Protein chains: 2
Amino acid sequence: MVELARDLSERSSGLRSAIEALPASRIREVANAGIGREDAIPLWFGEPDLPTPGFICDAAAEAFAAGDTFYQPNAGIDPLREALSDYMNRLYGTALAPANVVVSASAMNALMLVMQALVDPGDAVVTTTPAWPNLPAVPKILSGAIRPVPLTPGNSGWRLDLDRLLDACGARAKVIFLNSPNNPTGWMMTSEQQREVLEFARHRGLWIVSDEVYARIVYDRPVAPSFLEIAEPDDRVIVVNSFSKNWAMTGWRLGWITAPAGLLATFEKLTEFNIAGPPGFVQRAGVVAVRDGEPFVEQTVARFGQARDLTVARLSAMPRVLLPRPDAAFYAFFGVDGMSDTVDFAKRLVREAGVGLAPGEAFGPGGEGRLRLCFAASLPTLERAFDRLETFMRGSHP
Amino acid sequence: MVELARDLSERSSGLRSAIEALPASRIREVANAGIGREDAIPLWFGEPDLPTPGFICDAAAEAFAAGDTFYQPNAGIDPLREALSDYMNRLYGTALAPANVVVSASAMNALMLVMQALVDPGDAVVTTTPAWPNLPAVPKILSGAIRPVPLTPGNSGWRLDLDRLLDACGARAKVIFLNSPNNPTGWMMTSEQQREVLEFARHRGLWIVSDEVYARIVYDRPVAPSFLEIAEPDDRVIVVNSFSKNWAMTGWRLGWITAPAGLLATFEKLTEFNIAGPPGFVQRAGVVAVRDGEPFVEQTVARFGQARDLTVARLSAMPRVLLPRPDAAFYAFFGVDGMSDTVDFAKRLVREAGVGLAPGEAFGPGGEGRLRLCFAASLPTLERAFDRLETFMRGSHP
């Protein structure tokens, strides 16, 4: 019997082939190549450089002290759902209620819950590419399919050809998934395009899932256009958001879903069967972040705005670099003329120049020949990184 | 167009039928019926009555103060993976390494990750029933199937007919899922049965997924028999565990997976695509719990042991009540002679007598005619609950 077992395990891992086919993180692969280079400047991950403000941490510590260590309601605690619906109503002039809000353990967890509700085996999710690699992974875990439609770069930024997106919605299409402001490109969808997509989705009975985690990280307006501004209460529109970027809370794993109230019971079930929600003390910190964190968000966006201007100025002046100007978010996704293998290039860059960037190949089709730089860092740190990068570019061979 | 959309949404919710078919919590339904009865004694949820010990909370607060609010490694922080492998080696005499351990955001999250790795559409998970309702939900979310095999009650406790379990492993079987010590029955699998299942699984190339979250909640031995004690390093055995019960940390959402080291990369990917792991400060608290929490575990189990003795004595003496003695865990899953609708009965019980129990129907086939009482409470609280229950039993009509 034991010998037969050996034979079996040699033939196959016993894991699902769909899971084995999911790529491991190419960003992590590059980061691992940088281990040992102590002075490397890490601009590879999508993470602000500052820790969470103390007044937010204090709220969590107070919750411990009050014994807030028990199970929580699956939809999240009422004060947080109220704070979030108020927050969105202030931001968008909407009339959302707590019944439209489900708290999640990160936007990533939110996306998993949403796709579990919508994607049957064989169903297709139509989306844009290049993309944050975690997004296409979720439908594949659920035995669904991805239909990627390219964003196209130009000097004035990345743009979407809407006809191509709608044409990609074939018979098995179930969801149009959009991430605007976009990681990695900085693309920001216009309100007009959002309206067209919504009309099309209504006509076809498709769902729109909109990842708006960078909604506040914009530089020429208070907030990015949102599907929340144009959706009717019963429209098949689900928006996913996160505390990570606005309030420097990446490590807290806190996000939320905004959906028609009729979906609340469904998401309560799915939350129960995935994680049963974030800890109560994390949610208490979230209440304080939303309620009292607006000055921090404004300071943060002002800092990132300066960082963007510096990044555009420095990268645009470098030899071999082609940078479509990012409209929003905190990434420069730039081409390097003559670079063929982005993973190899990024590894050399961190080893030889001490600058940690994410390889374009991590972001799927459209990422070839590009690198992603996260500019959510201080100006002196960025200046040092650009000095090193410029020297490397002048000296390096493709 | 808008009218067509209305038509579409009237025809269907647009959600997956597999998700709509998942039952909402019957326990929650009963708990909702108790709202307004302020003096109700809540014994419906599987949650210890004490908050998390202060020395564990302190570790999290210290982590905030040190700025530990950033992304963490997907497999969990090294100190926690080391503490957990040491903990299991102490408990079981195994030779597990940190490479065998993946930290998860609850045992529930762990189960979702494990099933995502294993269950393709149509694959079957063979398991026992009655069962904690969250367990059968997970394969269904992944378009898999459940093959439930009944546990059978007797005065000396619940027992498994192993032949029935193995016979249920048909052509599409992929996983044998076992939860011992068992929620809701208190059943504990013997080492001999575990060996037989392991031999069978090896022979057939099946996976064993073992939910051992109640491993420490045992009363006549230090720890329940574990598949970890008998598995070889490459066996298809995955064990899921939790901080919730041992260290009174239900609200923290912290658990772990123990698996062959070859699966580490797979679980790192799946964690990334589900939640990217629990917060760093939660993991820091976990390190302290595992390292310094052993006296707390011993006190807790001693308390629950007294509670079990009281529960068995009081329930066994009540009219209409049939209680198979629970071997382990902290539940009494007892029959009530003549009770036909367990949800209705449990609602009346909380409204009329102020005792909150979980209805047997929540636990699937085998739960009919039964109620679950969580005895992880203080003796005076339990005494009051039993007094009320006894009065209700004497007076109530089926």
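Parameters at a glance
Residues numbered from 1 in each chain as written. Chains lettered and ligands numbered in written order. Predicted model: local features only at pLDDT ≥ 70, side-chain atom pairs only at ≥ 80, totals over all residues. Helix = DSSP H or I, 4+ residues; strand = E, 2+ residues; numbered from the N terminus. Buried ≥ 20, exposed ≤ 12 C-beta atoms within 10 Å, placed from the backbone. Contact = placed C-beta atoms within 7 Å. Expected span 1.5 Å × (residues − 1). Arc of directions from axis to C-beta. Pairing = 2+ DSSP bridges. Axes fitted to C-alpha atoms, helices over the stretch in contact; angles between N-to-C directions. Least-squares fit on C-alpha atoms with pLDDT ≥ 70 in both. Domains from an automatic or database assignment. Nonpolar A, V, L, I, M, F, W, Y, C, P; charged D, E, K, R; others polar. pLDDT = per-residue confidence, 0-100. Left-handed = near helix turned anticlockwise from the far one by under 90°. Core = buried A, V, L, I, M, F, W, Y, C linked by C-beta atoms within 7 Å.

**Student:** Talk me through the overall build of chain A; I want residue IDs and the actual numbers.
**Tutor:** Of the regular secondary structure elements, chain A holds 14 helices and 14 strands. Principal-axis analysis of the C-alpha atoms places the extent of chain A at approximately 60 × 60 × 50 Å. Split into buried and exposed, the 398 residues of chain A put 56% on the buried side. Summarising the internal contacts of chain A: among those between residues at least 6 apart in sequence, 74% fall at separations of at least 24.

**Student:** Break down helix H9 (residues 191-204) of chain A for me, with residues and values.
**Tutor:** All names here are of chain A. Spanning 14 residues, H9 covers 20 Å between terminal C-alpha atoms, matching the ideal 20 Å at 1.5 Å per step. Of all the positions in H9, only Gln194, Val197, Leu198, Ala201 and Arg202 are classed as buried. Angularly, the buried residues of H9 cover 135° about the axis, an arc narrow enough to put them on a single face. At the exit of H9 stands Gly205, carrying a positive phi of roughly 70°.

**Student:** Please give an account of the pairing of strand E3 (residues 124-129) of chain A that cites residues and values.
**Tutor:** Residues and elements named next belong to chain A. Strand direction decides the pairing type here: E3 and strand E4 (residues 145-154), joined by 6 bridges, are parallel. Each residue of the ladder has a partner; that of Val126, found in E4, is Arg147. Judged from the 4 bridges that link them, E3 and strand E6 (residues 173-179) form a sheet pairing that is parallel. Counted as the bridge partner of Thr127 is Phe177 from E6.

**Student:** For the sheet that holds strand E8 (residues 237-242) of chain A, give the residues involved together with the corresponding values.
**Tutor:** Residues and elements named next belong to chain A. The 8 strands are arranged E2-E9-E8-E7-E6-E3-E4-E5 in an open sheet whose pairing can be described as mixed. Unpaired on one side and paired on the other, strand E2 (101-104) and strand E5 (157-160) mark the two borders of the sheet. Taken pair by pair, the neighbouring strands of this sheet meet at an average axis angle of 25°, ignoring direction. Two strands pair when backbone bridges link them, and E8 and strand E9 (residues 255-258) are joined in this way by 4 bridges, in the antiparallel orientation. Paired with Val240 across the two strands is Ile257, which belongs to E9.

**Student:** Quick rundown of the relation of the copies chain A and chain B? Include the residues and the values.
**Tutor:** In screw terms, the move from chain A to chain B is a rotation of 180° and a rise of 0.0 Å along the axis, fitting with an RMSD of 0.0 Å. Such a combination of turn and shift is consistent with a two-fold rotation axis. Comparing interface residues between copies, 100% of those in chain A also lie at the interface in chain B; the contact surface is shared.

**Student:** Can you lay out the pairing of strand E11 (residues 331-336) of chain A for me, pointing to particular residues and giving the numbers?
**Tutor:** Residue and element names in this part refer to chain A. Among the 6 residues that make up E11, 5 are buried, leaving the element largely enclosed by the rest of the structure. Relative to E11, strand E10 (residues 321-322) runs antiparallel, the two sharing 2 bridges. Across the sheet, the residue bridging to Leu322 is Gly335, located in E11. Pairing analysis gives 5 bridges linking E11 to strand E14 (residues 370-374), with the strands arranged antiparallel.

**Student:** Let's hear about the environment of B:Phe334: which residues, and what values?
**Tutor:** Residues and elements named next belong to chain B. Its place among the elements puts Phe334 in strand E11 (residues 331-336). C-alpha of Phe334 to C-alpha of Ser316: the two residues are 18 residues apart in sequence and 9.4 Å apart in space. Setting aside anything within four residues of it in sequence, one finds Phe334 in contact with Leu315, Val321, Leu322, Leu323, Arg370 and Leu371.

**Student:** Please give an account of the domain arrangement of chain A that cites residues and values.
**Tutor:** Residues and elements named next belong to chain A. Here the domain parsing of chain A yields domain 1 (2-51 + 295-393) and domain 2 (70-293). Taking the mean C-alpha position of each, domain 1 and domain 2 sit 24 Å from one another. Every contact between the two is made by 31 residues of domain 1 and, on the other side, 39 residues of domain 2. A total of 6 residues in the side of domain 1 that touches domain 2 trace back to one element, the largest contributor, which is helix H12 (residues 294-316). Partitioned by chemical class, the residues of the side of domain 1 that touches domain 2 number 21 nonpolar, 5 polar and 5 charged.

**Student:** Describe the sheet that holds strand E10 (residues 321-322) of chain B, with residues and values.
**Tutor:** Consider a sheet: its strands pair through backbone hydrogen bonds, and that pairing is either parallel or antiparallel. In space, the 4 strands of this open sheet follow the order E10-E11-E14-E13 (chain B), with antiparallel pairing throughout. The open sheet is flanked by E10 and strand E13 (358-359) of chain B, the only strands paired with a single partner.

**Student:** Which residues make up the interface of chain A and chain B, and what values do they have?
**Tutor:** The interface is formed by 67 residues belonging to chain A together with 67 residues belonging to chain B. Mapped onto the side of chain A that touches chain B, the elements with two or more residues apiece are helix H1 (2-11), helix H4 (54-65), helix H6 (107-118), helix H7 (134-141), H9, helix H10 (264-274) and helix H11 (280-292) of chain A. The element best represented in the side of chain A that touches chain B is H10(A), accounting for 7 residues. Residues belonging to the side of chain A that touches chain B are distributed by class as follows: 37 nonpolar, 19 polar and 11 charged.

**Student:** Quick rundown of helix H14 (residues 379-395) of chain B? Include the residues and the values.
**Tutor:** End to end, H14(B) covers 24 Å across 17 residues, agreeing with the expected 24 Å (1.5 Å per residue, within 8%). As for H14(B), its buried residues are in contact with strand E1 (41-42), helix H12 (294-316), helix H13 (342-353) and strand E12 (355-356) of chain B.

**Student:** How would you summarise the confidence of the model for chain A if you had to cite specific residues and measurements?
**Tutor:** All names here are of chain A. When the pLDDT values of chain A are averaged, the result is 94; 96% of them are 70 or greater. In this model, residues 1-10 is a region of pLDDT below 50 whose contacts with residues beyond four sequence positions or in other chains number 11 contacts. For this predicted complex, the interface confidence reaches an ipTM of 0.94, while the overall pTM sits at 0.95.

**Student:** Tell me what's going on with the packing of H6(A) against H7(A), and back it up with residues and numbers.
**Tutor:** All names here are of chain A. Contact geometry of H6 with H7 gives a least axis separation of 10 Å together with a crossing angle of 35°. When you trace H6 past H7, the crossing you get is right-handed. The residues of H7 that touch H6, namely those facing Met108, Leu111, Met112 and Met115, are Asn134, Leu135, Val138 and Pro139.

**Student:** Which residues make up the nonpolar core, and what values do they have?
**Tutor:** Within the largest apolar cluster, 265 residues are counted, with the highest numbers of intra-cluster contacts made by A:Val114 and B:Val114. Apart from the residues lying within four places of it in its own chain, the contact partners of B:Val114 are B:Val209, B:Ile238, B:Val240 and B:Ile257.

**Student:** A description of the environment of A:Thr185 should follow, citing residues and the corresponding values.
**Tutor:** All names here are of chain A. Among the structural elements, Thr185 can be located in the loop between E6 and H9. The exposure class assigned to Thr185 is buried, which follows from the 33 C-beta atoms found within 10 Å. Excluding anything up to four places from it in sequence, Thr185 contacts Pro130, Leu151, Trp158 and Phe333.

**Student:** With reference to specific residues and values, describe unusual backbone geometry.
**Tutor:** All names here are of chain B. In the segment running from Thr129 into Pro130, the intervening peptide bond is cis, with an omega of 5°. Of note, Pro130 is situated in the loop between strand E3 (124-129) and helix H7 (134-141). Following Ser180, the chain continues to Pro181 via a peptide bond in cis, the omega torsion being -10°. For Pro181, the position within the fold is in the loop between strand E6 (173-179) and helix H9 (191-204). The phi dihedral of Ser106 falls on the positive side, at around 100°, and the residue is not glycine. Following the sequence through the fold, Ser106 ends up in the loop between strand E2 (101-104) and helix H6 (107-118). C-beta crowding within 10 Å serves as the criterion here: with 28 such atoms nearby, Ser106 is assigned to the buried category. Phi angles above zero are rare outside glycine, and Ala329 is one such case at about 65°. Its location among the elements puts Ala329 in the loop between E10 and E11.

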